[in-house]
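Examination of the molecular architecture
Listed below, chain by chain, are the residues.
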Amino acid sequence: MKIPQENLQQQLEKQIVSMLQLGWRGRIITIGYDEVEKLLNRGKKGFLILAEDVAERTKRNILRGRNVEYFQLFTKSQLGSFIGKKEVGIIFVPLTKFGLKLKGLIAQYLELKRR
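This is a predicted model, so every value here is computed, not measured.

Within this structure, the stated rule accounts for 5 salt bridges. Glu69 serves as the salt-bridge partner of Lys103, at 2.6 Å between the closest nitrogen and oxygen. Pair noted here: Lys103 is in helix H5 (residues 97-114) and Glu69 is in strand S3 (residues 69-72), with a separation of 34 residues, a long-range link. On the basis of relative accessibility, which here comes to 23%, the residue Lys103 falls in the partly exposed class. In this structure, Glu111 and Arg114 form a salt bridge, with 3.1 Å as the shortest nitrogen-oxygen distance. Of this pair, Glu111 and Arg114 both sit in helix H5, 3 residues apart, roughly one helical turn.

Attention now goes to the packing of aromatic side chains. The final tally for this structure, using the stated rule, is 3 aromatic pairs. Consider the rings of Phe74 and Phe82, whose centres lie 5.0 Å apart with planes at 85 degrees: the pair is edge-to-face. Neither Phe74 nor Phe82 differs from the other in exposure class; each is buried. Taken together, a centroid distance of 6.0 Å and an interplanar angle of 25 degrees make the contact between Phe74 and Tyr109 stacked. A residue pair is termed long-range when its members are at least 10 positions apart, and Phe74 in the loop between S3 and helix H4 (76-82) and Tyr109 in helix H5 qualify at 35 residues. An identical accessibility class is assigned to Phe74 and Tyr109; each is buried. Here a set of aromatic residues connected by ring pairs shows up, and it is made of Phe74, Phe82 and Tyr109.

Calculation rules
- Residues numbered from 1 in each chain as written.
- Predicted model: local features only at pLDDT ≥ 70, side-chain atom pairs only at ≥ 80, totals over all residues.
- Heavy atoms only, no water.
- Salt bridge = Lys/Arg side-chain N within 4 Å of Asp/Glu carboxyl O.
- Helix = DSSP H or I, 4+ residues; strand = E, 2+ residues; numbered from the N terminus.
- Buried < 20%, exposed > 50% of the residue type's maximum accessible area, 1.4 Å probe, protein only.
- Phe/Tyr/Trp six-rings, centres within 6.5 Å; stacked < 30°, edge-to-face > 60°.

This is the structure in structure tokens:
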């Protein structure tokens, strides 16, 4: 029996949200431009989650001169609501076991959204 695409997309979204919440509570992920920039400047390995409605200038500045992978999903207010903040535009996820699992879920989710 095949799971309908919408249900699979909703399940993936729920998993991504719960992992973001877990990552925030466990201090695994880092939020906010300044904090993320500090980590990137120190050479931390990871990827970024940028809100779909993050300012183009912010996106350009955080990515400038850096070879860092990023995904754009959810809005700033959605990302913020997932972790109990008003708005979040940038999230840094380290390349740990946790990060790799989250990255896989996001890739699947975005692939389904494109179809």
